Amino acid sequence: MSPKVVFRQFRFPLPTRVLTAMVTLVVFLHLAACAPAAAVTTQTPAGTATGIAAPKFAPTPSAPGGLTPILPASDMAVGRDQRFTLALLDSENRLISDAGVEIAFYKVTGPNQVQARYRAPAALFKYTGESEGGIYVARANFDESGEWGIVASVRRRGQSEIQVEAGFKVKERSDTPAIGDPVPASQTPTGVKPQDIEVFSSARPVNPALYRVSIADALRQGKPLVALFATPGFCTSRTCGPNYEIFGMLQQEFGDRANFVHVETFKGGKPPDVAPIVGEWGLPSEPWVFIVGADGRLRDKFEGSITVEEVRPRLAAILSGY
Amino acid sequence: MKGVLVDVQARSITDADSITLRDQAGKVYLFRVSPGVTQDPDHPTNASHLRAHMAQGQPVIVTYEDAVAGLLAVRVIDAAPGG
């Protein structure tokens, strides 16, 4: 039997009247392209005829320019300087990595009402290894929880600007430690010889420099800590495997100023049994990279794939005082 | 069915509730995810792995059942890019 085609709301359902208001917002953003980032409220009666089809918030064949937005982050929460990631699929299901992207963030404040909050440029970071695509990263400030949306302005060479919308939820508090919060002093396994480390780490080959101290010991030293939570032996392709290698490269560059610790997220380095530390750190997904200051408080965090180009400057800035 | 994941709804690091797949023709399908997907002894696929596939545009092949309540994914495996 042929499966049914589903055109489904992307991420979270929105009533038509809210979608209408969002259309109005898009029009407003067009008209006020140079407007300051201050909050602007738009309100329209339900069913207002704008002459523009309501955005579907769904990856449909009719997505503007054939682009489909993907929002990989699973732990967006109230706070400043939140890492917001956006991937864009073209009509051939390939990630694009040749566009300039600016993201307008807006808060859904109620029926028929949204508030444009601010805009931020999104930097492109190309994946390493076998991947040909990349991910767009912006730094977002979420001052309240609830339903949010974006309008991403996508500019590709030789093409007209395309605007792509997507919705998402912002939690009051993140599941993982929040920026500025103290992180758990977890006891994590350590080792010196590769054969000893291979007992608890799934990485092959293992990098012994990532197992010299536990997280608890690192925090006691009063030295910055960079922690990678991943299962590289299970997820060997673009995400976990490269993350482990990239983490090792960062350790080589910054290892004199911070402790670098790799932590397995599954018992024995293989699913399905989750390691207890996943609960201690509230991980809703993997992999993650956390940067912790010498005071034991979280300074930055990265969910999913990382690149040297993205993490290096953030890490260098945090470690500049050490 | 082969395609790229464009949404993963998960309740934990391991368990996905639903996935949304865009096939090569551009059609979009919503699947509920059977617990068996995570526990598949030959190819266990947890929610984080699905999310990684989604973020990186890596195609997957979904084996499913067309149930009364909708499509139910019973197996999700990696597909060779471009294959």
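Before reading on, note that the structure itself is shown above.
Residues numbered from 1 in each chain as written. Chains lettered and ligands numbered in written order. Predicted model: local features only at pLDDT ≥ 70, side-chain atom pairs only at ≥ 80, totals over all residues. Heavy atoms only, no water.

A separate point is the pattern of salt bridges. By the definition in use, this model includes 16 salt bridges over all chains. Lys171 of chain A serves as the salt-bridge partner of Asp175 of chain A, at 2.7 Å between the closest nitrogen and oxygen. For Asp175 of chain A, a relative accessible area of 42% gives the class partly exposed. Residues Asp17 of chain B and Arg11 of chain B are paired through a salt bridge, measuring 2.1 Å at the closest nitrogen-oxygen approach. Judged by its relative accessible area of 34%, Asp17 of chain B falls in the partly exposed class. Taking the relative accessible area as the measure of exposure, Arg11 of chain B reaches 54% and is therefore exposed. (Salt bridge = Lys/Arg side-chain N within 4 Å of Asp/Glu carboxyl O. Buried < 20%, exposed > 50% of the residue type's maximum accessible area, 1.4 Å probe, protein only.)

Residue and element names in this part refer to chain B. Read around the closed barrel, five strands run 1-2-3-5-4, paired in mixed fashion. Geometrically, the sheet is characterised by an average inter-axis angle of 45° between neighbouring strands, direction not taken into account. Across eight bridges, the pairing between strand 4 (residues 60-67) and strand 5 (residues 70-78) is antiparallel. Each residue of the ladder has a partner; that of Asp66, found in strand 5, is Leu71. (Pairing = 2+ DSSP bridges. Helix = DSSP H or I, 4+ residues; strand = E, 2+ residues; numbered from the N terminus. Axes fitted to C-alpha atoms, helices over the stretch in contact; angles between N-to-C directions.)

Residue and element names in this part refer to chain A. Along the polypeptide, Ser201 turns up in the loop between helix 2 (194-197) and helix 3 (215-220). In this structure the side chain of Ser201 is engaged in a polar contact, spanning 3.2 Å, whose partner is the backbone nitrogen of Ala203. In this structure, Ser201 is in contact with Val206, Tyr211, His262 and Glu264, ignoring residues within four places of it in sequence. (Polar contact = N/O pair within 3.5 Å; in protein donor to acceptor, adjacent residues only side chain to side chain. Contact = heavy atoms within 4.5 Å.)

Residue and element names in this part refer to chain A. Here Asn207 lies in the loop between helix 2 and helix 3. For the pair Asn207 and Val192, spaced 15 residues apart in sequence, the C-alpha separation works out to 9.6 Å. Discounting chain neighbours no more than four positions away, the residues touching Asn207 are Tyr244 and Gly248.

All names here are of chain A. Of note, Gln82 is situated in strand 3 (residues 79-89). For Gln82, a relative accessible area of 8% gives the class buried. Sequence-distant contacts of Gln82, that is, excluding residues within four places in its chain, are made with Met76, Ala77, Ala138, Arg139, Ala140, Phe142 and Ile179.

Residues and elements named next belong to chain A. Cis geometry marks the peptide bond from Arg204 to Pro205, where omega comes out at -10°. With respect to the element layout, Pro205 can be found in the loop between helix 2 and helix 3. Here the bond from Glu286 into Pro287 is cis, since omega is -5°, no more than 30 degrees from zero. Examined against the element boundaries, Pro287 turns out to sit in the loop between helix 5 (276-281) and strand 11 (288-292). At Asp81, a residue that is not glycine, the phi angle is positive and equals roughly 60°.

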